[in-house]
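The residues making up each chain are set out below.
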Amino acid sequence: VVSAICGMATSTFGGLTRDVLCGRPVRIVHSNAEVYAQPALAGSTLYLLARRAGASPAVRIGLAMVTCIGSRFWAIKNDVKLHTWDTTDDGLGVAVRK
């Protein structure tokens, strides 16, 4: 479990760093953007399950990559996004949940 979470954190915070350095809106904090962390978690979890099952390193890496890239592609193609809360602007530039 810890290894899967570390795999997800490594990929998501790498993307966060990229967005900050490039001056772009940070993708993982915008829930109206496509899913980002969930495919990374799925790929790292599958890697660990394949490792426990005794699969070779090439098979583990291949399965994890196909899962991560495939689930992200599927989410983008089918417009799957994270849940958003109904918010209202408080006049100070802060969105407040209704």
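Caption draft 1: A look at helix H3 (residues 57–77). The end-to-end C-alpha separation of H3 is 30 Å, in line with the 30 Å expected for 21 residues at 1.5 Å each. Those residues of H3 not exposed but buried are Arg60, Ala64, Arg72 and Ala75. Taken down its axis, H3 places every buried residue within 75 degrees of arc, on the same side. Of the exposed residues in H3, the ones pointing more than 90 degrees away from its buried face are Ala58, Val66, Ile69, Phe73, Trp74 and Lys77. The positive-phi residue at the C-terminal boundary of H3 is Asp79, with phi of around 55 degrees.

Caption draft 2: Region of the structure containing the environment of Val35. Structurally, Val35 is set in the loop between helix H1 (2–22) and helix H2 (37–52). For the pair Val35 and Phe73, spaced 38 residues apart in the sequence, the C-alpha separation amounts to 9.8 Å. When near neighbours in sequence (up to four residues on either side) are disregarded, Val35 contacts Arg72, Ala75, Val80 and Leu82.

Caption draft 3: Geometry of the side chain of Ser44. As for its position among the elements, Ser44 is in helix H2. Among all residues touching Ser44, those that are not within four sequence positions of it are Ala4, Gly7 and Met8.

So, how was this worked out
Residues numbered from 1 in each chain as written. Predicted model: local features only at pLDDT ≥ 70, side-chain atom pairs only at ≥ 80, totals over all residues. Heavy atoms only, no water. Helix = DSSP H or I, 4+ residues; strand = E, 2+ residues; numbered from the N terminus. Expected span 1.5 Å × (residues − 1). Buried < 20%, exposed > 50% of the residue type's maximum accessible area, 1.4 Å probe, protein only. Arc of directions from axis to C-beta. Contact = heavy atoms within 4.5 Å.

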